[in-house]
Every structure is written in structure tokens, then in C-alpha cells.
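Chains, contacts and geometry: an overview
Now for the letters of each chain:
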Amino acid sequence: MPFDETGRRPGRRPSRNVLGGPIGVCSNDPMTGFFRNGCCETSPEDLGSHTVCAVMTAEFLAFSKAAGNDLSTPHPEFGFAGLEPGDQWCLCAPRWQEAFEAGVAPPVVLASTHAATLEWVQLSDLVAHAI
């Protein structure tokens, strides 16, 4: 389905964040989101649930790489420059939960974290890591 001029899918209800408001943009530089529209929106096709707007840290990037998802190495063939500490990115909710349990969860932007995250993560844990 194509996107409208705001980067959202037409005909769908507006996505909500974990606080109940409209979802905000996570990042356009680097461009993120399952739909690559800058927002941590989701759909049934998003099997990884890329719904947590997180601010990358060196500790989290090392954890993710060790867990098999190297987010820091550039892959220009896919238009991916690699992430650096400070970049905002739509993370998979289960991976954020794993990082939380390991003590390396990155900070989150609550207004840009999709409500579907709450299927995997406790709101109180997100609030404790909010920026």
C-alpha cells in the first residue's frame, strides 16, 4: 500500500504511542521504521514488531551485535549507513526487552514508541528509560 504525503498509509487509523497520543516521528536521519517513514508504526507484516523508538548507546549496539543483529556496520547495498550512539531507531520490542533484562536497554522516546510495544514490554520499564 502506498504512503500519503505525510509518510503514513492512507485509510488507516492514526497510530497511537504508549502514552495514548498520536505517534511522533522517531527519526528521518537515519530513516527508520518498518515502513521507512520515520515512525515506529507496525502492521501484521512487521513480524519483528519494530515499535520502540530508542536512542542508540554503545552498550546497546554491542549487545545487539553479540545477539546477532549488527546495527552498527554500514550496508550501503541496502542504503544503510550503520547506527552510532545517539542515533534514534525503531527497535524490535522483543530485542528491547532482552536488552532490558541484560541491563543494557537504550533510552526510549515515549511519544514516538508505538502502543503495540506494550504487548512485549511493561510501560513502567519504558518510563524508567524515557528521555
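Going by the structure above, here's the rest.
Reading guide: rules and limits
Residues numbered from 1 in each chain as written. Predicted model: local features only at pLDDT ≥ 70, side-chain atom pairs only at ≥ 80, totals over all residues. Heavy atoms only, no water. Helix = DSSP H or I, 4+ residues; strand = E, 2+ residues; numbered from the N terminus. Rg over C-alpha atoms; globule rule 2.2 N^0.38 Å. Buried < 20%, exposed > 50% of the residue type's maximum accessible area, 1.4 Å probe, protein only. Contact = heavy atoms within 4.5 Å. Areas by Shrake-Rupley, 256 points an atom, 1.4 Å probe, with all protein chains shown as cover. Lys, Arg positive; Asp, Glu negative; His and termini not counted. Charge placed at Lys NZ, Arg CZ, Asp CG, Glu CD. Phe/Tyr/Trp six-rings, centres within 6.5 Å; stacked < 30°, edge-to-face > 60°. Arc of directions from axis to C-beta. Salt bridge = Lys/Arg side-chain N within 4 Å of Asp/Glu carboxyl O. Core = buried A, V, L, I, M, F, W, Y, C linked by side-chain atoms within 4.5 Å. Disulfide = S-S within 2.5 Å.

Focus: the overall build of the protein chain
Looking only at helices and strands, the protein chain has three helices and two strands in total. For the protein chain, the succession of helices and strands along the chain, N to C, is β-α-β-α-α. Over its C-alpha trace the protein chain gives a radius of gyration of 14 Å, about what one expects of a compact globule, namely 14 Å for 131 residues. When burial is assessed residue by residue, the protein chain has 44% of its 131 residues classed as buried. Pairs at least 24 apart in sequence give 62% of the contacts found in the protein chain among residues at least 6 apart. With an accessible surface of roughly 6900 Å², the protein chain has 57% of that area assigned to carbon and sulfur atoms. The positive charge centre, built from 8 side chains, and the negative charge centre, built from 15, are 7 Å apart in the protein chain.

Here we look at the packing of aromatic side chains
As enumerated under the stated definition, the model contains four aromatic pairs in all. Measuring from ring centre to ring centre gives 5.6 Å for W96 and F100, while their planes differ by 10°; the resulting arrangement is stacked. Placement of the pair is W96 and F100 together in helix α2 (residues 93-101), with a separation of four residues, close to one helical turn. Judged by relative accessible area, W96 falls into the buried class, the value being 0%.

Examining helix α1 (residues 58-66)
Buried residues of α1: F60, L61 and S64, and no others. Projection of α1 onto a plane perpendicular to its axis shows the buried side chains occupying an angular sector of 100°, all on one side. Looking at α1, the residues exposed on the side facing more than 90 degrees away from the buried face are E59 and A66. Structurally, α1 contributes buried residues whose contacts are with β2 (88-92) and α2. G68, located one to two residues past α1, shows a positive phi value of around 100°.

A short note on the pattern of salt bridges
Tallied over the full model, the rule gives one salt bridge. With a closest N to O distance of 3.0 Å, R95 and E98 form a salt bridge. Taken together, the positions of R95 and E98, both in helix α2 and three residues apart, correspond to about one turn of that helix.

Brief notes about the nonpolar core
Grouped together as the largest cluster of nonpolar side chains are 19 residues, with contacts concentrated most on M56, L91 and W96. For this core, the elements supplying multiple residues, two or more each, are β1 (50-55), α1, β2 and α2. Per-element accounting of this core gives the leading share, three residues, to α2.

What to know about the state of the cysteines
This model, assessed by the stated rule, comprises two disulfides. Disulfide pairing is shown between C40 and C90; the S-S distance is 2.1 Å. Across the S-S bond of C40 and C90 the torsion is about -90°, and the bridge reads as left-handed. Placement of C40 in the segment before β1 and of C90 in strand β2 is noted, with a sequence separation of 50 residues between them. Across this residue pair, the class does not change: C40 and C90 are buried. For the protein chain, the bonded cysteines pair up as 1-3, 2-4 when numbered in the order they occur along the sequence. C39 takes part in no disulfide bond, and the closest cysteine sulfur to it belongs to C90, at a distance of 7.4 Å.

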